[in-house]
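Results of the structural survey
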Amino acid sequence: MPMAADSFDPQAVRGDFPSLARLRGGKPPIYLNNTCMTLRPRPVIEAITAYYAEFPTCGGGRLDAQGRSSNWFQGELHEHEVESRRLMAELLGAASPSEIVWTRNATEALNIVAHGLQLEPGDEVVGCVREHNSNLVPWLEVERELRARAGDPELVVRRTFDLKPDGAFDLAQALEAISPRTRVLAIGHASNLDGTRISDEDLKTLADRVHAVGGVLVLDAAQTVPHRHVDVQALGVDFLACSIHKMCGPTAMGALYGRKESLTALRPFIVGGDTVSDTWLDRVEYKLPPGRFEAGLQHYAGMVGTAAAIRYVRDHVGFEAIEAHERRLNRHLTHRLLPLLGDHLQLLGPVDADQRGGVLTLASHSGALINAIERQADRQANVMVRVGMFCSNAYLHERFDTRGSAANNLRVSVYFYNTLDELDVFADVVEGVLADPVAAMDEGA
Ligand SMILES: Cc1ncc(COP(=O)(O)O)c(C=O)c1O
């Protein structure tokens, strides 16, 4: 039974996370970099350990029963593989487990799609101005290849649409960018930079429009799958990429969802052992999806850990509790920080915390000030935040005066185990730094 959303108390789960029990200088860690990667609860750690301790073997065979031989250990691993793919399919609302491809992360999933679609010169890919580099660079590579093939360095492949002035999604501009040439709409579901998200209604409208012109919707859901219920069929998504390490799962574990017809039409990108049902000296017969996309030995501990992560996040904590608690946390932090900002710091994205999920990013013209806050947060209170451009370089260059620096932004991102008290500790650090910025910047610089 998931936990109740209105009375969720993070203290009910914090004991499950061994890393939260560590101390440095007598103080516990305050982990506020959850957008990048989350902490792991004991059931996930135990599941990963069980793989290495009990059945540490290679592929126990896949859904198409074309795996390796089936001995004792492989038989056990096979059961775990089947179960974790089933759970992943269920989590995303996929029609079948065979629509799930395991990857190392969302980035690999997006590359499999971009390189597998076999676009032709004249085809266009639409995305917004703030795509994460993982949903930008693969398409820029496709653009480069198509330009070379067409012998036209000016060929337009990728079209971008803008956002509202405060960074919120703008349906009208997105719809305008879709044309009869659009073969792919590749968009981020929620931003890792400012937390804004595309609503379900807008996403469905986009899916209908891109399908009407014969294209596919590729959703970078790295920042939504860990936080809310995402149903690929209800939303009309053709491909979805996500990372399990952002939802309490094993490091370097991700998933690609592909609608059966869409996945079958995709050309395998990374090929070799385990992707084929047979080979001859001059030809290859690929396995059916998902096998043809999972090349070489796989992250089996990751698969076993994924099942434990889904059970923990979805079934034990529950998405309603997660969303409600993140909203509570972000409202609190926003309320504490807004009066402090002044001319020194700017909040990225909408001021309204409810529009920013669990993310709050501060930007400054002074990289030294941002670094001072990060340094003081770490030294004084073991607070871990992230400083940088968060793989959103293109957007930051386009919209803001980035002055060539990668260190002018500081991001706080929360998950369900964070507390209001932890955010107060961080806000106190910011307050202290802003009270005497020169001293804070000098100290340890
Ligand atoms: C929106 C978004 N897309 C893609 C990624 C890439 O995720 P990964 O590094 O797990 O591939 C991230 C990572 O932060 C992200 O926030």
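Residues numbered from 1 in each chain as written. Predicted model: local features only at pLDDT ≥ 70, side-chain atom pairs only at ≥ 80, totals over all residues.

1. What to know about the overall build of the protein
Note the cut-off: Per the convention used, a helix needs a DSSP run of H or I reaching at least four residues, while a strand needs a run of E reaching at least two, with both numbered from the N terminus. Radius of gyration here is computed from C-alpha atoms only, and the compact-globule reference equals 2.2 Å multiplied by the residue count raised to the power 0.38. Think of it as a crowd count around each C-beta: if 20 or more other C-beta atoms lie within 10 Å the residue is buried, if 12 or fewer it is exposed, and in between it is partly exposed, with C-beta placed from the backbone throughout. Each residue gets a C-beta atom placed from its backbone, and two residues are in contact if those atoms lie within 7 Å.
When helices and strands are tallied, the protein shows 15 helices and 15 strands. Radius of gyration (C-alpha) of the protein: 23 Å, near the 22 Å computed for a compact globule of 445 residues. Its C-alpha atoms give the protein principal-axis dimensions of about 70 × 55 × 40 Å. In the protein, buried positions account for 46% of the 445 residues. Relative to all contacts within the protein whose residues are 6 or more apart in sequence, the contacts with residues 24 or more apart total 72%.

2. A look at the sheet that holds strand β7 (residues 239–243)
Where we set the bar: Criterion used throughout: strands pair if DSSP finds at least two bridges between them. To obtain an axis, a line is fitted to C-alpha atoms, over the contacting stretch when the element is a helix, and the angle between two such axes runs from 0 to 180 degrees between their N-to-C directions.
Taken in spatial order, the 7 strands line up as β2-β8-β7-β6-β5-β3-β4 in an open sheet, and their pairing is mixed. The open sheet has two free edges, formed respectively by β2 (100–103) and β4 (158–161), since each of these has just one partner strand. Within this sheet the neighbouring strands show an average axis-to-axis angle of 20°, counted without direction. With 5 bridges connecting them, strand β5 (residues 182–188) and strand β6 (residues 216–220) associate as parallel partners. Bridge pairing in β6 links Val184 to Val216.

3. Thoughts on helix α14 (residues 420–435)
Structural remark: α-helix, 3.6 residues per turn; residues separated by three or four positions point the same way. Cut-off, in case you're wondering: In this scheme, a helix's expected span is set at 1.5 Å multiplied by one less than its residue total. Taken from the helix axis, the directions to the C-beta atoms give the arc we talk about.
Under the 1.5 Å per step criterion, the end-to-end length of α14 is 22 Å for 16 residues, consistent within 8% with the ideal 22 Å. Those residues of α14 that fall on the buried side of the exposure criterion are Glu422, Leu423, Phe426, Val429, Val430 and Val433. Summarising the axial view, the buried residues of α14 lie within an arc of 115°, below the 170-degree limit, and thus occupy one face. Of the exposed residues in α14, those oriented more than 90 degrees away from the buried face are Asp421 and Ala435.

4. Side note on unusual backbone geometry
For the bond from Pro289 to Pro290, the omega torsion is 5°, close enough to zero to count as cis. Mapped onto the elements, Pro290 comes out in the loop between β10 (284–286) and α10 (300–317). In this structure, Asn382 takes a positive phi of about 55° despite not being glycine. By the secondary structure assignment, Asn382 is in the loop between α12 (367–381) and β13 (383–384).

5. What about the nonpolar core?
To keep it simple, the criterion reads: Structurally, a nonpolar core is described as a collection of buried Ala, Val, Leu, Ile, Met, Phe, Trp, Tyr and Cys residues joined by way of C-beta atoms within 7 Å. As used throughout, domain bounds are those supplied by an automatic or database domain assignment.
Leu240 and Ala255 are the most contacted members of the largest nonpolar core, which has 113 residues in total. Both of domain 1 (11–31 + 318–442) and domain 2 (50–314) provide at least three residues apiece to this core. With 5 residues, the next largest nonpolar core counts Leu193, Leu348, Phe390 and Leu396 among its residues.

6. Looking at the sheet that holds strand β12 (residues 359–363)
Within the open sheet, the 4 strands sit side by side as β11-β12-β15-β14. Their pairing is antiparallel. Taken across any chain shown, the strands that pair with only one partner, and hence form the sheet edges, are β11 (346–347) and β14 (386–387). Where β14 meets strand β15 (residues 409–413), 2 bridges bridge the pair, whose relative direction is antiparallel. Counted as the bridge partner of Arg386 is Arg411 from β15.

7. Overview of the site of the ligand
As a reminder of what qualifies: Think of it this way: take the backbone, place a C-beta atom on it, and check whether that atom is within 6 Å of the molecule or strand, in which case the residue is near it. Under the scheme applied here, ten amino acids are nonpolar (Ala, Val, Leu, Ile, Met, Phe, Trp, Tyr, Cys and Pro), four are charged (Asp, Glu, Lys and Arg), and all others, including Gly, are polar.
Lining the immediate surroundings of the ligand are 15 residues, of which Asn105, Thr107, Asn192, Ala222 and Ser243 lie closest. Looking at side-chain class alone, the shell around the ligand contains 3 nonpolar, 11 polar and 1 charged residues.

8. A few points about the environment of Leu263
Its location among the elements puts Leu263 in helix α9 (residues 260–265). Residue Leu263 is classed as buried on the basis of its 24 C-beta neighbours within 10 Å. Distance in space between the C-alpha atoms of Leu263 and Glu320 is 31 Å, their sequence separation being 57 residues. Leaving out residues up to four positions away in the same chain, Leu263 has contacts with Glu99, Gly258 and Pro289.

9. Comments concerning the domain arrangement of the protein
Partitioning the protein into domains gives domain 1 (11–31 + 318–442) and domain 2 (50–314). Relative placement of domain 1 and domain 2: their C-alpha centres are 30 Å apart. Domain 1 puts 21 residues into the contact, and the matching count from domain 2 is 20 residues. At the level of secondary structure, the elements contributing two or more residues to the side of domain 1 that touches domain 2 comprise α11 (319–337), β12 and α13 (393–399).

10. Observations regarding α10
Here α10 is 18 residues long and its end C-alpha atoms lie 25 Å apart, about the 26 Å a rise of 1.5 Å per residue gives. Taking burial as the measure, the 18 residues of α10 include 14 buried ones, the bulk of the element. Of the residues one or two after α10, Gly318 is the one with positive phi, at around 95°.

11. Some remarks on the pairing of β7
A large share of β7 lies buried, amounting to 5 of its 5 residues. The two faces of β7 match: Phe239, Ala241 and Ser243 on one face and Leu240 and Cys242 on the other face are all buried. Here 3 bridges tie β6 to β7, and the two strands are oriented parallel to one another. Looking at β7, one finds that Leu219 is bridged to Leu240. Pairing of β7 with strand β8 (residues 254–258), which is carried by 5 bridges, proceeds in the antiparallel orientation. Counted as the bridge partner of Ala241 is Leu256 from β8.

12. So, the pairing of β6
For clarity, the cut-off: Orient the strands so they point away from the viewer, and a crossover whose first-strand-to-second-strand path over the helix runs clockwise is right-handed.
Counted residue by residue, β6 has 5 buried out of 5 residues, so it is predominantly covered. Of the two faces of β6, the one lined by Val216, Val218 and Asp220 and the one lined by Leu217 and Leu219 are each fully buried. Assessed by its sense of winding, the connection that carries the chain from β5 through helix α7 (residues 200–212) to β6 is right-handed.

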